[in-house]
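# A closer look at the structure
Okay, here's what each chain looks like letter by letter:
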Amino acid sequence: MKWKYVLTNHNETSERHPDEQLKSRYYKTTQAAALKAVKEMFEQMDGCDIVAISEERGELSVSLTKRKKAFIVVTVISVRPFETAIDFSVTTETKWLPIDFGFSRQLIIRLYDQLAKRLTYIGSGIYSEK
């Protein structure tokens, strides 16, 4: 793991992210079903408050208030019928320095692990460029 992912208070996933664990992940489902699964996941997590949901834009905003405070934005995009990408953006609230020692990165990895229990995973980052 690179230091730049630890010495920050913000991490997000993307299609071509250099960190394999932070690449966009694809699931065999519809956008509506994926958004519902993400919503239910956060509703069942202790210390999470759903701030806003935009079904039209496929976005969900969550405030994490337990242990560390963080703001999470989830983007759910349908790329083909029954192929949906899910991305996370996590910003941690820190008191002194803008550093969360890898918390935002680890949170994204844990969220993807939770989603793998709810949705059928089919690949990452354009399936790692096939």
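Refer to the preceding data block for the structure.
Residues numbered from 1 in each chain as written. Predicted model: local features only at pLDDT ≥ 70, side-chain atom pairs only at ≥ 80, totals over all residues. Heavy atoms only, no water.

### A few points about the environment of Ser124
Note that Ser124 resides in strand E7 (residues 121-124). Overall, Ser124 belongs to the buried group, its relative accessible area being 9%. Dropping the residues within four chain positions of it, Ser124 is found in contact with Lys23, Ser24, Arg25 and Tyr26. A polar contact is formed between the side chain of Ser124 and the side chain of Tyr121, at a distance of 2.4 Å. (Helix = DSSP H or I, 4+ residues; strand = E, 2+ residues; numbered from the N terminus. Buried < 20%, exposed > 50% of the residue type's maximum accessible area, 1.4 Å probe, protein only. Contact = heavy atoms within 4.5 Å. Polar contact = N/O pair within 3.5 Å; in protein donor to acceptor, adjacent residues only side chain to side chain.)

### Focus: the pattern of salt bridges
Within the structure shown, the criterion is met by seven salt bridges. A salt bridge links Asp46 to Lys66, with the shortest nitrogen-to-oxygen separation between them at 2.8 Å. Remark: Lys66 occurs in the loop between strand E4 (59-64) and strand E5 (70-80) and Asp46 occurs in the loop between helix H1 (31-44) and strand E3 (48-54); sequence separation between them is 20 residues. Here Asp46 falls in the exposed class, since its relative accessible area comes to 56%. (Salt bridge = Lys/Arg side-chain N within 4 Å of Asp/Glu carboxyl O.)

### Overview of the pairing of E5
Here E4 runs beside E5; their pairing, made up of six bridges, is antiparallel. Across the sheet, Leu64 pairs through a bridge with Ala70, a residue of E5. Between E5 and strand E6 (residues 83-92), which pair antiparallel in sequence order, lie two residues; one of them, Phe82, sits at a positive phi of approximately 60 degrees. (Pairing = 2+ DSSP bridges.)

Keep in mind these numbers describe shape, not what the thing actually does.
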